[in-house]
Every structure is written in C-alpha cells, then in structure tokens.
Amino acid sequence: MKLFKPTLVALALVSVIGCQETKQEEKAPVLETEVQKQAYSLGASIGMYMTRNLDEQEKMGLTLDQDLIVRGFIDSLEDKAVIEKEEIQSLLMNLEQTMKAKQQEQAKLASEASLVEGQNFLAENAKVEGVKVTESGLQYQVITEGSGEKPAATDTVKVHYVGTLINGEQFDSSVERGEPAVFPLNRVISGWTEGVQLMSVGSKFKFTIPADLAYGPNGRPPQIPGNAVLQFEIELLEIQQPPAPAEVGDK
C-alpha cells in the first residue's frame, strides 16, 4: 500500500469533506463543460482511492482520527503545521511499515488456517465417488473421456479451464474470456503438468490440486491465498505440434 503522495492528496479531500459537513447543504456542482467534469472526476477518483485506503486500515485494526486529518490539512494550508515536513515524511513511512507488518501477520494467519482447511477438504473429497488420487496427492474426476492422444510434459497444449477455490469462488476462467489458453505443459504449476498428461485430447477432467502442487504457502495474492487447495475443470482441446524445421533455401 502506498501512503505518500496519493494518500496525502486523498487526505486533503477528506479534510475538505469534513469541513463542508459543518456548513449548510450546498448546491449540486455545475458540470456543464468537459473541463468541469474532468475536475469533478479527479476529485471523485481521489475520494474512491481514500475510501479504499481507510477501509484497508480498518481491516488491519488501524483507525486514524479523521479530526486530526482535517486539522493537519487546514494547518498546512495556513502554513501553521505543528510537525516539520521531514518528520511528516518519517511518520508516514512508519505508517506504511506498520500496515505492511499487519498485512504480513494477517496473511500468515490466513495461510495457516487455509492449510488445515485444505487438508480436511482433500480428505473428504478423496471419498467422493469417481475421485482418483495419484501418488503425489493430486485428485481428479473424469467428466468426459476423449479418444485422442495424451500430451507429454514437453508438449504445448490448448485448453479451456475454470479455476475455483474450495469455497467455490472463481479466480480464473478461459471460458469467460472466450479464448482457450495455450502454454507449454512444463511451465505451469506441477498439478497441471501431472494432471493434463492423464488426459486424452477431447477429455474434460476435474482436478483438485493440493497446495504443494499449486502455489504453496505464498499463494498468488490477491486471488489465491497461501496454502490454498485449488480446483480446475480442464478440457484438453489440442496438442500443438512444433513447427517443422526450416530447410536449406527456405526464406
């Protein structure tokens, strides 16, 4: 989270709003020209940014006194700030470090909880009819069995897929994008590399991938938390053949 120039501007907006709350209700702004609309949009953008900032701080258990925010802004406008510029910068750096520490602490707690939740889910899912478990712990179900060839780890494949967390929350989908994904099979998470090799072209499988075969304890923030078990429905559309080597005389 950045807490320097963007935040200072945003704090200024909060202070203006705070001052206006003490006045009588003002008329709606005049937004007739493009320049007027641009000015209003800039202020609205800053306001939305600040709202996200304050919400994030609240979630981390850090609440800033908005009266002091307003007072600091007004004092600065009147060149009466009671804290020197150098100390302000130092204090804001400390605030950023505090927020980072709180975020890391919460991420660690969430990762630990996710590990236990994932282990319990894997144990129960392994009991579901039709679920097979490989030696590595990868779990899969055959939805549709194709009749084409099976890829090797070094092949490039074309697939459609939908990825979800175990709570059903979707984090990625080539289907929604309307465009299949194409990639070398040995350059993705190991759960994919192992699992897609079990599929024939034309097949559709559902995979439940343990965290150690996915993104591990670090996850892939913000979509995938640490130690997350992932589920994918994958349809293998094609194994792409490498281009033929050029012959002497070819352009």
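Starting from 1, residues in each chain are numbered consecutively following that chain's sequence as written. The predicted nature of this model means local features are confined to residues of pLDDT at least 70 and side-chain atom pairs, given and counted, to a pLDDT of 80 or more, with totals for whole chains, interfaces and linings taken over all residues. To obtain the side-chain values, all non-hydrogen atoms of the structure were included, while hydrogens and water were left out.

## Topic: the environment of Thr208
The secondary structure listing takes helices from DSSP runs of H or I that are at least 4 residues long and strands from runs of E that are at least 2 residues long, numbered from the N terminus. Tracing the chain through its elements places Thr208 in strand β6 (residues 204-209). As a C-alpha pair, Thr208 and Phe232 span 24 residues in sequence and 6.7 Å in three-dimensional space. Should any heavy atoms of two residues lie within 4.5 Å, those residues are considered in contact. In this view, Thr208 contacts Phe121, Leu122, Asn125, Leu138, Gln139, Val229, Leu230 and Gln231; residues no more than four positions away in its chain are not counted. Within the structure, the side chain of Thr208 is placed 3.3 Å from the side chain of Asn125, a separation counted as a polar contact. Only 2.9 Å separates the side chain of Thr208 from the side chain of Gln231, close enough to count as a polar contact. By the criterion applied in these results, polar contacts are pairs of N or O atoms within 3.5 Å in which, for protein atoms, one can donate a hydrogen and the other can accept it, and in which residues neighboring in sequence qualify only through two side-chain atoms.

## Some remarks on the pattern of salt bridges
Salt bridges are counted wherever a side-chain nitrogen of Lys or Arg sits within 4 Å of a carboxyl oxygen of Asp or Glu. Enumeration over the complete set of coordinates arrives at five salt bridges. The partner of Asp75 in a salt bridge is Arg71, with the nearest N and O atoms 2.9 Å apart. Separated by four residues within a single helix, Asp75 and Arg71 lie in helix α3 (residues 66-77), roughly one turn from each other. Throughout, exposure labels follow a simple rule: accessible area from a 1.4 Å probe, protein chains only, divided by the maximum for the residue type, with under 20% read as buried, over 50% as exposed, and the rest as partly exposed. Exposure remark for Asp75: the relative accessible area of 10% places this residue in the buried category. With a closest N to O distance of 2.6 Å, Arg177 and Asp172 form a salt bridge.

## Some words on the pairing of strand β7 (residues 230-240)
As defined by bridge partners, strand β3 (residues 156-165) adjoins β7 across 10 bridges and the pair is classed as antiparallel. Bridged to Val159 within β7 is Leu236. Relative to β7, β6 runs antiparallel, the two being bridged by six bridges. From the neighbouring strand, Lys206 faces β7, where its bridge partner is Glu233. When DSSP finds two or more bridges between two strands, those strands count as paired.

## With respect to the UniProt feature "coiled-coil region" (unreviewed entry) in the chain
UniProt positions are given in the numbering used here, feature names are shortened, and annotations may be inferred rather than shown by experiment. Under the UniProt annotation, "coiled-coil region" (unreviewed entry) lies at residues 74-112. Taken as a whole, residues 74-112 contains 82% helix and 0% strand, while its terminal C-alpha atoms sit 45 Å from one another.

## Details of a nonpolar patch on the surface
A residue counts toward a patch only above 30% relative accessible area and without a salt bridge, and it is joined to like-charged neighbours within 9 Å or, for Val, Leu, Ile, Met, Phe, Trp and Tyr, to nonpolar neighbours within 5 Å. Here, Shrake-Rupley sampling with a 1.4 Å probe gives the accessible areas, and only protein chains in the shown set may cover a residue. Taken together, the side chains of Val82, Ile83, Ile88 and Leu91 make up a nonpolar region of the molecular surface, amounting to roughly 340 Å² of accessible area. Looking at the secondary structure, you find Ile83 in the loop between α3 and α4 (85-125).

## As for the environment of Val196
Turning to its location among the elements, Val196 is positioned in helix α6 (residues 190-196). Separated by 39 residues in the primary sequence, Val196 and Val157 have C-alpha atoms spaced 8.9 Å apart. In contact with Val196, not counting residues within four places along its chain, are Pro151, Leu185, Phe207, Ile234 and Leu236.

## Concerning the layout of surface pockets
Cavities and pockets were defined on a 1 Å grid built over protein atoms only: a cavity is a set of grid points that admits a 1.4 Å probe from which the probe cannot escape, a pocket is an open set flanked by protein on both sides within 12 Å along at least five of seven lines, and lining residues are those with an atom within 4 Å of any such point. Grid points are joined across faces, edges and corners, and a volume is the space filled by probe spheres set on the points. Considering only enclosed or pocket space, the second largest pocket measures out at about 280 Å³ in volume. For the lining of the second largest pocket, the per-class residue count stands at seven nonpolar, three polar and no charged. Residue polarity is assigned by list, with Asp, Glu, Lys and Arg as charged and Ala, Val, Leu, Ile, Met, Phe, Trp, Tyr, Cys and Pro as nonpolar; anything else, Gly included, falls into the polar class.

## Regarding the pairing of strand β4 (residues 170-173)
Note that β3 and β4 share three bridges and pair antiparallel. In the sheet register, Gly163 faces β4, and the bridge partner there is Asp172. Hairpin connection of β3 to β4: four residues between the antiparallel strands, including Gly168 at a positive phi of 90°.

## Quick notes on the environment of Lys206
Mapped onto the secondary structure, Lys206 falls in strand β6. Spatially, the C-alpha atom of Lys206 lies 7.1 Å from that of Gln231, the residues being 25 residues apart in sequence. Dropping the residues within four chain positions of it, Lys206 is found in contact with Gln139, Tyr140, Gln141, Ile143, Gln231, Phe232 and Glu233.

## Quick look at the nonpolar core
Core analysis: the largest hydrophobic core is formed by 25 residues, its most contacted members being Val159, Trp192, Phe207, Ile209, Leu230, Phe232 and Ile234. At the level of elements, β3, β5 (181-184), α6, β6 and β7 are the ones that each hand at least two residues to this core. Filtering out sequence-adjacent residues up to four positions away, Trp192 remains in contact with Val159, Tyr161, Phe183, Leu185, Ile209, Phe232 and Ile234. Among buried residues, the Ala, Val, Leu, Ile, Met, Phe, Trp, Tyr and Cys ones that are joined through side-chain atoms within 4.5 Å form a nonpolar core. One finds Met60, Leu62, Leu92 and Leu95 within the second-largest nonpolar core, a separate group that totals five residues.

## Some thoughts on the packing of aromatic side chains
In this analysis, rings of Phe, Tyr and Trp, with Trp reduced to its six-membered ring, are considered paired at centre separations within 6.5 Å, and the interplanar angle assigns stacked below 30 degrees, edge-to-face beyond 60, and tilted for intermediate values. Counted under the stated rule, the structure contains eight aromatic pairs. Ring centres 5.3 Å apart and planes at 90° place the aromatic pair Tyr161 and Trp192 in the edge-to-face group. One end of the pair, Tyr161, is in strand β3; the other, Trp192, is in helix α6, and 31 residues separate them in sequence. By relative accessible area, Trp192 is classed as buried at 6%.

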